[in-house]
Amino acid sequence: MCRSSTSHISLILSRSASRTATGTATVSATAMARKNGPGLGPRLAPLAFLACALKLSFVGIHQSRNTLVPRRGEGFEGAPSPKVKSTISREQLERDHGDSWEMVDQILKGERASSPEAIMRARFTALRFKDPQFLAATEKEEGTSIKKRAAGWAKTLGLEEKTLADAFTGLFGSDIEALQDPLSFEVVTADEDSVEFKIRCRNGKTLHEKSKFQQDRKWGYVYSGNSDFAEWS
């Protein structure tokens with residue numbers, strides 16, 4: 001997830017985030033306008049996106065804003081835990097993560113990630129089960145909201161239509177589209193602030209990346225938005 005690589009997931013999303021939210025609303029609004037009349041579609045488009053997020057996300061998005069604001073003198077121990085909902089079975093997690101499945105299971109049950117490896121494994125599970133909201137919530141991107149990042153991930157995962165602007169700018173290429181159908185995840189190395197991993201996809205492509213992570217009050221760790229390298233082969 002290095003910003004200098006155009007093949008990098010977060011680089012693509014950061015450059016397309018502002019276009020994505022607008023493009024998604026435009027596509028939805030246009031389709032609804034045809035069905036319901038010219039004045040109704042634009043008002044319903046945000047509701048359509050929200051319904052999609054509610055259906056697809058592990059993340060409990062109905063939280064009071066006050067619960068996310070830390071009180072003075074309150075350390076990580078006093079931070080609110082993430083609200084997560086998931087029906088993914090142990091067997092499914094074991095297929096993807098082997099003996100490390102419990103790292104992910106704990107996060108999906110609402111506990112904070114114990115390490116960068118744990119949150120990266122959970123992010124792969126979100127990739128596998130196409131959860132743009134979880135992916136957006138567990139990463140940082142300066143100047144963009146979770147909503148905009150989720151909209152970008154929805155396009156990357158093939159859940160939302162791409163706009164003409166996306167095609168023109170070439171921000172969604174064949175490499176990144178391989179993430180719509182990931183097959184396996186391998187941790188090469190992991191330490192206290194980074195994870196080197198490989199994601200193999202059904203079309204034969206492999207993403208090899210070393211991502212940087214930072215501590216987070218809510219999730220334990222989140223992807224920082226930076227990587228040492230990201231390569232497709």
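Residues numbered from 1 in each chain as written. Predicted model: local features only at pLDDT ≥ 70, side-chain atom pairs only at ≥ 80, totals over all residues. Heavy atoms only, no water.

- Looking at an unreviewed UniProt entry, one finds the protein named YchJ-like middle NTF2-like domain-containing protein and attributed to Durusdinium trenchii.

Quick look at the environment of Trp 101
Here's step 1: Relative to the assigned elements, Trp 101 resides in helix H4 (residues 101-108).
Here's step 2: C-alpha of Trp 101 to C-alpha of Arg 121: the two residues are 20 residues apart in sequence and 8.5 Å apart in space.
Here's step 3: Here Trp 101 is in contact with Arg 90, Leu 93 and Glu 94, once residues within four sequence places are set aside. (Helix = DSSP H or I, 4+ residues; strand = E, 2+ residues; numbered from the N terminus. Contact = heavy atoms within 4.5 Å.)

A closer look at the pairing of strand S4 (residues 220-232)
Here's step 1: The pairing of strand S3 (residues 206-216) with S4 spans 9 bridges and is classified as antiparallel. Paired with Lys 210 across the two strands is Phe 229, which belongs to S4.
Here's step 2: Linking S3 to S4, which pair antiparallel, is a turn of 3 residues. (Pairing = 2+ DSSP bridges.)

Quick word on helix H5 (residues 116-128)
Here's step 1: An ideal rise of 1.5 Å per residue puts 18 Å on 13 residues; H5 measures up with 18 Å between its terminal C-alpha atoms.
Here's step 2: The buried count for H5 comes to 12 of 13 residues, which makes it a mostly enclosed element.
Here's step 3: Where H5 is concerned, the buried positions are Pro 116, Glu 117, Ala 118, Ile 119, Met 120, Arg 121, Ala 122, Arg 123, Phe 124, Thr 125, Ala 126 and Leu 127.
Here's step 4: One or two steps after H5, the chain reaches Lys 130, where phi turns positive at roughly 55°. (Expected span 1.5 Å × (residues − 1). Buried < 20%, exposed > 50% of the residue type's maximum accessible area, 1.4 Å probe, protein only.)

Section: the sheet that holds S3
Here's step 1: Strand order in the open sheet made by the 4 strands is S1-S2-S3-S4, with antiparallel pairing throughout. Every interior strand has two partners, whereas the edge strands, strand S1 (182-190) and S4, have only one. On average, each strand axis in the sheet is inclined to that of its neighbour by 30°, with strand direction left out of account.
Here's step 2: Summarising the sheet, strand S2 (residues 194-201) and S3 pair through 7 bridges and their orientation is antiparallel. Bridge pairing in S3 links Phe 197 to Glu 209.
Here's step 3: Packing of H5 onto the sheet brings it into contact with S1, S2, S3 and S4, and relative to S1 it is tilted by some 170°. (Axes fitted to C-alpha atoms, helices over the stretch in contact; angles between N-to-C directions.)

Details of the environment of His 97
Here's step 1: Structurally, His 97 can be placed in helix H3 (residues 90-97).
Here's step 2: Along the backbone, His 97 and Arg 121 are 24 residues apart, and their C-alpha atoms lie at a distance of 7.5 Å.
Here's step 3: Once residues within four sequence positions are removed from consideration, His 97 is found in contact with Val 104, Arg 121, Phe 124, Thr 125 and Phe 185.
Here's step 4: Only 2.9 Å separates the side chain of His 97 from the side chain of Thr 125, close enough to count as a polar contact. (Polar contact = N/O pair within 3.5 Å; in protein donor to acceptor, adjacent residues only side chain to side chain.)

Brief notes about helix H7 (residues 146-156)
Here's step 1: Where burial is concerned, most of H7 is hidden: 8 out of the 11 residues are buried.
Here's step 2: Looking one or two places after H7, you find Gly 158, whose phi comes out positive at around 80°.

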